[in-house]
Protein chains: 4
Amino acid sequence: MIIVMEPKATQEQVEAVKDRLVQAGFQTHLSVGESRTIIGVIGDKKEMSKVELEVLSGVEKCVSITEDYKLVNREFKPEDTIIDVGGAKIGGNHLAVMAGPCAVESIEQLREAAQYVKASGAQFLRGGAFKPRTSPYAFQGLEVKGLEMLAKVGQETGLKIVTEIMDASAIDAVCEYADVLQIGARNMQNFYLLKEVGKTNKPVLLKRGLAATVSEWLNAAEYIMSEGNFNVIFCERGIRTYETVTRNTLDLSAVVAIKAASHLPIIVDPSHGTGVRNMVLPMGRGAIAVGADGLMVEMHPNPAKALCDGKQSLTPTDFENFMAEMRRTAVFMGKTL
Amino acid sequence: MIIVMEPKATQEQVEAVKDRLVQAGFQTHLSVGESRTIIGVIGDKKEMSKVELEVLSGVEKCVSITEDYKLVNREFKPEDTIIDVGGAKIGGNHLAVMAGPCAVESIEQLREAAQYVKASGAQFLRGGAFKPRTSPYAFQGLEVKGLEMLAKVGQETGLKIVTEIMDASAIDAVCEYADVLQIGARNMQNFYLLKEVGKTNKPVLLKRGLAATVSEWLNAAEYIMSEGNFNVIFCERGIRTYETVTRNTLDLSAVVAIKAASHLPIIVDPSHGTGVRNMVLPMGRGAIAVGADGLMVEMHPNPAKALCDGKQSLTPTDFENFMAEMRRTAVFMGKTL
Amino acid sequence: MIIVMEPKATQEQVEAVKDRLVQAGFQTHLSVGESRTIIGVIGDKKEMSKVELEVLSGVEKCVSITEDYKLVNREFKPEDTIIDVGGAKIGGNHLAVMAGPCAVESIEQLREAAQYVKASGAQFLRGGAFKPRTSPYAFQGLEVKGLEMLAKVGQETGLKIVTEIMDASAIDAVCEYADVLQIGARNMQNFYLLKEVGKTNKPVLLKRGLAATVSEWLNAAEYIMSEGNFNVIFCERGIRTYETVTRNTLDLSAVVAIKAASHLPIIVDPSHGTGVRNMVLPMGRGAIAVGADGLMVEMHPNPAKALCDGKQSLTPTDFENFMAEMRRTAVFMGKTL
Amino acid sequence: MIIVMEPKATQEQVEAVKDRLVQAGFQTHLSVGESRTIIGVIGDKKEMSKVELEVLSGVEKCVSITEDYKLVNREFKPEDTIIDVGGAKIGGNHLAVMAGPCAVESIEQLREAAQYVKASGAQFLRGGAFKPRTSPYAFQGLEVKGLEMLAKVGQETGLKIVTEIMDASAIDAVCEYADVLQIGARNMQNFYLLKEVGKTNKPVLLKRGLAATVSEWLNAAEYIMSEGNFNVIFCERGIRTYETVTRNTLDLSAVVAIKAASHLPIIVDPSHGTGVRNMVLPMGRGAIAVGADGLMVEMHPNPAKALCDGKQSLTPTDFENFMAEMRRTAVFMGKTL
C-alpha cells in the first residue's frame, strides 16, 4: 500500500502514521517529495485491511497496490482450471453450451426444449425453477416442482442441469436436483449465500452483478473458494450503463480481464446480456472469439408462449443455426463443442 | 400498454396480436399510421405482465404506460405515511436521524457512541453486527454478540436500534434485538429476504441498490408490502457512476422522485453516499433541503481506530456540529428533529 | 508519481526505469516489498506527463499522486474568486440567478421573460441563440438575430446576458452581444473553443460534460485560464447515468468537490439537471444548501408554446414561487440574492 | 408519437391536446383506458418535433415511436454502403484496417510505422496531428507540420491517411493533406463541426462520444449526411462506465445495433476501447466476429518512446501477430483484408 500525506502534513503526523504501521508489524519506506511525503507499506495485505489509516490526521489517501483475492488469482495457480460436471467439461479447450428456457413452465415444455438442446450437441440444460422478478406480481417460477422436472428431464436425456438458487434455505433441494448451482446477478454480493454454496461440492456458476466491477466479481468468487469449493465458473451477462438500445451492455472485455486475472473458466450469456434476439448469434460468436469458455443461451420450444423473457429467446430453428455457427467458431478458436 | 408493430407488419400479423389480446380479456384500440400500426391495450396491468407479446411476429416493441407497483403508490394512498418506532417517528414533519458506528466493535465503543447520539437529540442508534464486505478476508462483524450489545445499549439509552440483516436465517435473532431491520444495498433485490421481512411486523429500512432505478426500488418495497408489512422506509445511499471523486454519486433527485411516486418516507445516507467525511455535513443539509425525512450517518467515538469505513465517519466533535446544522435546517424546512 | 513494478520484474528492469527517470531530471525512491518493487518519483508534474513509463518493460502501472491543474487549484489561490459582471457578482456571499427561456424565439417572448426575471430580483438573463440539438431537423436557434434580441433586451432592462457559444467562429459576434459566454456540456472538451474563449476577457460559464469527471472539468477550466482568462464559473447540469426517472442525475456532491478543489464559483442548473418541472424548486433549494454560488433556471412566459425543452420550463407563477423560496434559502445560507 | 394523459386529466384537457394536434396538421386516435387516456399521433416526425406537447396541462408523457434520423436509416437504403477511399474500400466484404501511432512525432517515426503498416497489408495510416488532451499542459500534437508529414508518407507508401480534425477552422488544411477526416469522441456532438465536414466531399470517420447512445450517434451522422456528405464511417471506441479495469467499456453490441439500424459501415478501435495492450488482439478478433467492417489500431515503432498513449500501443512484433490473426478472422467471416 502507498500512503499519500497531505501537502501540509507535519513531521509529527508523518511519524505518527509510521509508528502506527510499525506497531502493526509492517515495514515502511518514506519518499519526501517537493509537495508531498509518500509512505510505502510492505507486509501482508490481509493484515493491512484491518488497519484504517485514512482516518489518521495528515493522511490524504491510501492507494492499494495489490488485489485482495488469492485463491482465484492466476498468480496462485497459473494453469487453467477445467471443471468436470459428471463428464461434461468447462474450461481448457472444452466449449460448454448451457441452453434452455428462461423459466421451467411444464414437463412438456422442458422435455421439448431438452430434445433440441440434446440434438444440438450441447451438454447442459438450463431452466429457472426460482425466478428473480422485479415485480412481486410477475411469475415467480414453479419452485420445487420445477426442480423435480429439471432432474427428471436431466435423467432422461443425460443433460447436466443448471439452475438458479436464490436463497440459502433452498440449498439442499437445489443440490439434490441440480448439477450446477447458478448464483444470479442480483445475488452476486449476497455474501451469506456465497459462503453457503462454498460449503457444498457442486460447481457454481457465478453471474456478474448488474453493476459489479471485475474486481468485486473476483472477490465474490473468492468468498466461495475460501469455504472450500474450488469449482467456480464466471458468467458475464452484461452490465448496467446509460445505453438503452440493449437491455444491458455485454462487456466482452471482461472475459479477457478475467482470463488474465484468474485460472477459473468464464462463459457469456448473450441472451440476457443484450435482451435482443437478433443479437444473440453475433454476440455469441464474438464471445467465443474473445476467448470465452462457453455460452449460456435462452431457447424456448415456443417463445410466443413463454412466461418470461420471450423477447430474447431463440426459437428451435434459430437455435439450430446458432449452434452450427458456434461450433464453426469453436473450431476456429481451436476448441471443441 | 402500447404495442408498436413493425413497418412491414401485415394485416394478418396485426389481427393475430389483436386476437391474442382479446382472448386474454383485454380491450384494444388500433391506430393505423403512415409507417406503422399501433395497438393500445386496456386492462389489468398484473394480468398483462403474464402475456408475452413482443415475441409475436410483426411486433416491434411494447411500451409500458403504467407502473407495476400498487401498495407503495401515492395514487393508492395520497397522504404521507408516518412510521412509529416505539414512539420515535419517521415521516411527516418528524426528521429522523440514525447515527452510530459503521460496525459494532465492542460494548465500550458502542456505549460511548450512543452517549453522543443521545446527547445530540437523535433517536436512533445504528451499528452493524453483520457486515457485507467485498473481500472475505475483511472484518465481517461480531454477529449475534454485536446484536446483543446493540440491544443492551438500546435499553440503557432508550435509543431505537437499526441494524442490517443479511440473510433470512437471521430474522428471528435480528427481530429479537433490533427495532428497525435494515436491508443493505447489495440485498435490495434479494427477493426471498424481502418477502421474509415482509412477514414480520418490524419497520424495514430499504437501502437503494448500487445501481437500482427508482422504479426497481419502488418494486422492491412492493415485495415487502405485498406480504403485509407496510412499515417501509427508503434510504438513498448513492448510486454507481463513472465518477471517482466520491465513492458513490448521492442522487438527491431520487428523494423528490420517491416523494412524488410514493407515500412512504425516505431518508438519506450522506456517509456512504459520498465516502468523504468533509461532504457529510453539506450533503446532509442538502438532503433535508430537497425534502428527505431523515438522515443516516456514521459516527465513531474514535474514527482513527474504526475497523471499517473510518474515512467517512464523523468524530464526536464533527457530529455535534453536524447535528446543530441539521437541526437548524430542519427548522428551516418546518420540521422537528 | 508512483511506479508499481510487476511481481516478476527483474533488477535490470527496475534499474532501467530508474535510469530513464534520472535522465529526465527526476528524483526517485525505491521501496522493495515482498512481492513488488515500487518507485516513487519526485519532480515537476508537467514534465512528468511527457515521459511515458507504463510502456517500459517490467512496469505494471503508474499511479498519479497530484493533480494536473494548477491555476484553478485552491492550493494556488486559497480565497474564493468573486466574478464581477458589470456590477453583478458571482461567488462569495453573492447568490447569482440566471433565468430565461431555453431558446430565444422572438423579441416579444424575450422581453416578457425579461420582465419577470427583472421583477424577481435576478440579475442575469439567459437565452439560447445557437441551440445544440440531437437531431439536425430540430429547431437550431435564431443565431445572430437571437443575439441582437438578447443585447437589446439586456440594454432595456440592465440584465446581464448569458448565452451559449457553439463554435469559435462565432466568438466576435457573441462577445459583442453577451456579458457571459456559456460553453455547453457537449463542448466541455472542445479544447480549441476553450482556448479561444480563454483569449477573450469575457466571463465564461463552463457547463459540466455529459459524462465528465470532476477532474476533467477542472482541467477544462485550466485550458481557459492557461490562456489568460481567469473569469471562469462552473455549472453543474447533471451527469449521464443508467437512471431514467430524471433526464440526467444532478450531482450536488460535485458542488462540494469543486468548492474544495478550486477557488472558482460554481452554480447549478436544476432545469436541465432533472428535466422535470416539479423537481426544479426542491433541487434548486438543495443546490444552495450544499453551497452553490447560484442557479441557472429555465423560465418561459408561455411554456406551452416553447420551441424546446418546454417540459422543464417554469411558468411565470412557478418562477415567482421559485425565486421567493431561493431567496429564503439564500438567507438561510448567509447569502444575498 | 403516443401521448399519455395523466390519470386525472379532464375531458377538456384531452380535447385541448387533440385540437392542438389537429391544428398542426396531424391525425389523432384516442384510446380511453381504465385509468388513463392515450392519444396516438400520426404524421411527419420532423414536423412533430416542432410541437411541444408535454407542457400542455393534463399530459403525463410523450413516447416517441419512430426515430429522428432518415438518411442514415437502413429503411431508407437497405443495402450496405461501401465507401471508396481512392481505391481502398470500407464496408461490404472489405475489412479495413487503420493503423499507426497515436500522435505524429517525427517524419522518421511516421515513416517507420508506415512501413510496418504497409507490410502488413493494411491500407490506411492513422496518426494524430492535432491531439485532444485532458490537460492543457500535455503534448498537443505537431499540428500543420504533422499534417505535412502524414501527406508525405502517404504519397511515399500509397497508404490512405486518416487524421483527426478538432475545429472547423482547420478544415481546409486537413482536407488538403488527409484522405479521411476523423471526428473524435469529444466532438461527436460538436454540431457546427459536423455540419462543416458535411459540406466537404471527404469520407468522415465518426467516433462514438464518451457517453453517447447509439441513437445520438446515428443522429450525429445524420448531421453530416444532411449537408450532403454521404461518406460516413462509424467507429466504436468504448463508452464510459463505472468499470475501471479497462479505460473504457468496448461495446461490441453497438456494432450489431448500428448494422441493423443503418446501411453505413462501422469499424472498432480496440486500442482506445480498452486502453490495455494485451486486450487489443482478442477484442479486435471479437469485433470482426460480431460483424465490424474494420479496425483502427495504435501501433508505434517504439512504444517505449511514445509521447502519448504508449500503454496501449502495439509494438511492431505485436502488430505483425495482430494482423495475421485479423486476416485469419476476416477469412472466417468471409471477408478480405
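Residues numbered from 1 in each chain as written. Chains lettered and ligands numbered in written order. Predicted model: local features only at pLDDT ≥ 70, side-chain atom pairs only at ≥ 80, totals over all residues. Heavy atoms only, no water.

(A) Inspection of the overall build of chain A at higher detail. Scanning chain A from N- to C-terminus turns up eleven helices and 14 strands. Along the first, second and third principal axes, the C-alpha atoms of chain A reach 75 × 40 × 40 Å. Relative to its full complement of 337 residues, chain A shows a buried share of 65%. Contacts in chain A between residues far apart in sequence, at least 24 positions, make up 68% of those at least 6 positions apart. Accessible area for chain A stands at about 11,400 Å²; split by element, carbon and sulfur atoms hold 48% of it. Side-chain charges in chain A split into 37 positive and 41 negative, and the spacing between the mean points of these groups amounts to 5 Å. (Helix = DSSP H or I, 4+ residues; strand = E, 2+ residues; numbered from the N terminus. Buried < 20%, exposed > 50% of the residue type's maximum accessible area, 1.4 Å probe, protein only. Contact = heavy atoms within 4.5 Å. Areas by Shrake-Rupley, 256 points an atom, 1.4 Å probe, with all protein chains shown as cover. Lys, Arg positive; Asp, Glu negative; His and termini not counted. Charge placed at Lys NZ, Arg CZ, Asp CG, Glu CD.)

(B) Representation of the relation of the copies chain C and chain B. Superposition record for chain C on chain B: RMSD 0.1 Å, screw rotation 180 degrees, translation along axis 0.0 Å. In short, the pair behaves as if placed about a two-fold rotation axis. Measuring from the rotation axis to each C-alpha of chain C, the shortest distance belongs to Gly-286 of chain C, at 2.2 Å. A high fraction, 100%, of the interface residues of chain C reappear at the interface in chain B, so the copies pair face to face through one surface. (Least-squares fit on C-alpha atoms with pLDDT ≥ 70 in both.)

(C) Structural view of the packing of helix α7 (residues 214–225) of chain D against helix α8 (residues 253–261) of chain D. Residues and elements named next belong to chain D. In contact at an axis separation of 11 Å, α7 and α8 are set at 50 degrees when each is read in the N-to-C sense. In terms of orientation, α7 lies oblique with respect to α8. Between α7 and α8 lies a crossing of right-handed hand. Residue-level inspection shows Val-214, Trp-217 and Leu-218 of α7 in contact with α8, the latter providing Ala-254, Ala-257, Ile-258 and Ala-261. By residue class, the composition of the contact of α7 with α8 is seven nonpolar, no polar and no charged. (Axes fitted to C-alpha atoms, helices over the stretch in contact; angles between N-to-C directions. Parallel < 35°, antiparallel > 145°, perpendicular 65-115°, else oblique. Left-handed = near helix turned anticlockwise from the far one by under 90°. Nonpolar A, V, L, I, M, F, W, Y, C, P; charged D, E, K, R; others polar.)

(D) Spatial organisation of the interface of chain C and chain B. Taken together, the contact pairs 33 residues of chain C with 33 residues of chain B. Contact between chain C and chain B buries roughly 2,600 Å² in total, counting both sides, with carbon and sulfur atoms accounting for 69%. Its largest share of buried area at the contact with chain B, chain C owes to Tyr-242, Ser-253 and Phe-332 of chain C, together 26% of the area lost on that side. Where chain C meets chain B, there are two salt bridges. At the surface where chain C touches chain B, the tally comes to ten residue pairs in polar contact (both at pLDDT 80 or more). Going through the elements one at a time, α8 (253–261), α10 (277–290) and α11 (316–332) of chain C are the ones with two or more residues in the side of chain C that touches chain B. Considering each element in turn, the side of chain C that touches chain B owes the most residues, eight residues, to α10 of chain C. For the side of chain C that touches chain B, the per-class residue count stands at 18 nonpolar, eight polar and seven charged. (Buried area = accessible area lost by both parts, 1.4 Å probe. Salt bridge = Lys/Arg side-chain N within 4 Å of Asp/Glu carboxyl O. Polar contact = N/O pair within 3.5 Å; in protein donor to acceptor, adjacent residues only side chain to side chain.)

(E) Seen up close, the sheet that holds strand β1 (residues 2–5) of chain A. Residues and elements named next belong to chain A. Across the sheet, four strands lie side by side as β2-β3-β1-β4; this open sheet has antiparallel pairing. Among the strands making up the open sheet, the edge pair consists of β2 (27–32) and β4 (59–63). For this sheet the average axis-to-axis angle between neighbouring strands, irrespective of direction, equals 20 degrees. The sheet contact formed by β1 and strand β3 (residues 37–42) spans three bridges and is antiparallel. Directly across from Ile-3, in β3, lies its bridge partner Ile-39. (Pairing = 2+ DSSP bridges.)

(F) Local environment of the domain arrangement of chain A. Per the domain assignment, the segments of chain A are domain 1 (2–63) and domain 2 (83–332). Averaged C-alpha coordinates put domain 1 of chain A and domain 2 of chain A at centres separated by 44 Å. (Domains from an automatic or database assignment.)

(G) Spotlight on the nonpolar core. Counting residues in each nonpolar core, the largest one holds 320 residues, and the members touching the most others are Leu-206 of chain A, Leu-206 of chain B, Leu-206 of chain C together with Leu-206 of chain D. Excluding its chain neighbours within four sequence positions, the residues that come into contact with Leu-206 of chain B are Ile-183, Met-188, Leu-194, Trp-217, Ala-220, Ala-221, Ile-224, Val-232, Ile-233, Phe-234 and Cys-235 of chain B. (Core = buried A, V, L, I, M, F, W, Y, C linked by side-chain atoms within 4.5 Å.)

(H) A look at helix α4 (residues 144–157) of chain C. Residues and elements named next belong to chain C. Between the first and last C-alpha of α4 there are 20 Å, a value that for 14 residues agrees with the 20 Å anticipated at 1.5 Å per step. The set of residues buried in α4 consists of Gly-146, Leu-147, Met-149, Leu-150, Ala-151, Val-153, Gly-154 and Thr-157. Elements in contact with the buried residues of α4: α3 (107–120), β8 (124–126), β9 (160–164) and α5 (171–177). One or two positions beyond α4, positive phi appears at Gly-158, with a value near 80 degrees. (Expected span 1.5 Å × (residues − 1).)

(I) Focus on the sheet that holds strand β1 (residues 2–5) of chain C. Residues and elements named next belong to chain C. Within the open sheet, the four strands sit side by side as β2-β3-β1-β4. Their pairing is antiparallel. The two strands at the open ends of the sheet, each matched to only one other strand, are β2 (27–32) and β4 (59–63). For this sheet, the mean angle separating the axes of adjacent strands, direction not counted, is 20 degrees. Bridge count for β2 against strand β3 (residues 37–42) is six bridges, and the pairing is antiparallel. In the sheet register, Ser-31 faces β3, and the bridge partner there is Ile-38.

(J) Structural view of the packing of aromatic side chains. Evaluated as defined, the whole model comprises 14 aromatic pairs over all chains. Ring geometry for Phe-332 of chain B against Phe-332 of chain C: centres 4.5 Å apart, planes inclined by 10 degrees, an arrangement best described as stacked. One end of the pair, Phe-332 of chain B, is in helix α11 (residues 316–332); the other, Phe-332 of chain C, is in helix α11, on a second chain. Owing to a relative accessible area of 10%, Phe-332 of chain B belongs among the buried residues under this scheme. Between Phe-319 of chain C and Phe-322 of chain C, the ring centres sit 6.5 Å apart and the planes meet at 20 degrees, which makes this aromatic pair stacked. (Phe/Tyr/Trp six-rings, centres within 6.5 Å; stacked < 30°, edge-to-face > 60°.)

(K) Structural context of unusual backbone geometry. Although it is not a glycine, Glu-143 of chain B sits at a positive phi angle of roughly 55 degrees. By secondary structure assignment, the location of Glu-143 of chain B is in the loop between β8 (124–126) and α4 (144–157).

(L) Fine view of the pattern of salt bridges. Under the criterion given, the structure shown has 52 salt bridges over all chains. The partner of Lys-199 of chain A in a salt bridge is Glu-196 of chain A, and the shortest N-O contact between them spans 2.9 Å. The partner of Asp-293 of chain C in a salt bridge is Lys-259 of chain C, with the nearest N and O atoms 2.6 Å apart. Residue Asp-293 of chain C is found in the loop between α10 and β14 (294–298), and its partner Lys-259 of chain C is found in helix α8; the two are separated by 34 residues along the sequence. With respect to burial, Asp-293 of chain C and Lys-259 of chain C carry one shared label: buried. Through salt bridges with shared partners, one network takes in Arg-208, Glu-236 and Asp-251 of chain A together with Glu-243 of chain D.

(M) Representation of the side chain of Asn-187 of chain A within the structure. Within the secondary structure, Asn-187 of chain A sits in the loop between β10 (180–183) and α6 (191–198). Of note is the side chain of Asn-187 of chain A, whose polar atom sits 3.5 Å from the backbone oxygen of Met-166 of chain A. Residue contacts for Asn-187 of chain A: discarding those within four places in its chain leaves Ile-165, Met-166, Leu-193 and Leu-194 of chain A together with Asn-190 of chain B.

(N) Highlighting the pairing of β1 of chain A. Residues and elements named next belong to chain A. The alternating pattern of β1 places Ile-2 and Val-4 on one face and Ile-3 and Met-5 on the opposite face, and all of these are buried. In terms of strand pairing, β1 meets β4 through four bridges, oriented antiparallel. Within β4, the position partnered with Ile-2 by the bridge is Val-63.

(O) Layout of helix α1 (residues 11–23) of chain A. Residues and elements named next belong to chain A. For α1, with 13 residues, the first-to-last C-alpha span of 18 Å sits near the 18 Å given by 1.5 Å per residue. Of all the positions in α1, only Val-14, Val-17 and Leu-21 are classed as buried. Across the axial projection of α1, the buried residues extend over an arc of 65 degrees, all falling on one side. Across α1 from its buried face, at more than 90 degrees, point the exposed residues Gln-11, Glu-12 and Gln-23. Elements that come into contact with the buried residues of α1 comprise β1, β2, β3 and β4. (Arc of directions from axis to C-beta.)

(P) The arrangement of the side chain of Ser-135 of chain C in detail. Within the secondary structure, Ser-135 of chain C is located in the loop between β8 and α4. In this structure Ser-135 of chain C touches Gln-140 of chain C together with Asp-68, Asn-219 and Tyr-223 of chain D, once residues within four positions along its chain are discounted.

(Q) Molecular detail of the environment of Ala-261 of chain B. Residue and element names in this part refer to chain B. Positionally, Ala-261 belongs in helix α8 (residues 253–261). With 25 residues separating them in the primary sequence, Ala-261 and Glu-236 have C-alpha atoms 15 Å apart. Setting aside residues no more than four positions away along its own chain, Ala-261 makes contact with Tyr-69, Val-72, Asn-73, Arg-74 and Leu-218.

(R) A look at the confidence of the model for chain A. With 93% of its residues at a pLDDT of at least 70, chain A reaches an overall mean of 91. Both scores are given for the predicted complex: the pTM is 0.91, the ipTM 0.90. (pLDDT = per-residue confidence, 0-100.)

(S) Structural view of the packing of helix α3 (residues 107–120) of chain D against helix α11 (residues 316–332) of chain D. Residue and element names in this part refer to chain D. Between α3 and α11, the least distance of the axes is 10 Å, while the angle of their chain directions is 25 degrees. When the axis of α3 is compared with that of α11, the two are roughly parallel. Crossing of α3 against α11: the hand is right-handed. Between α3 and α11, the contacting residues are Tyr-116, Val-117 and Ser-120 on the first element and Pro-316, Phe-319, Met-323 and Arg-327 on the second. Of the residues contributing to the contact of α3 with α11, the split by class is five nonpolar, one polar and one charged.

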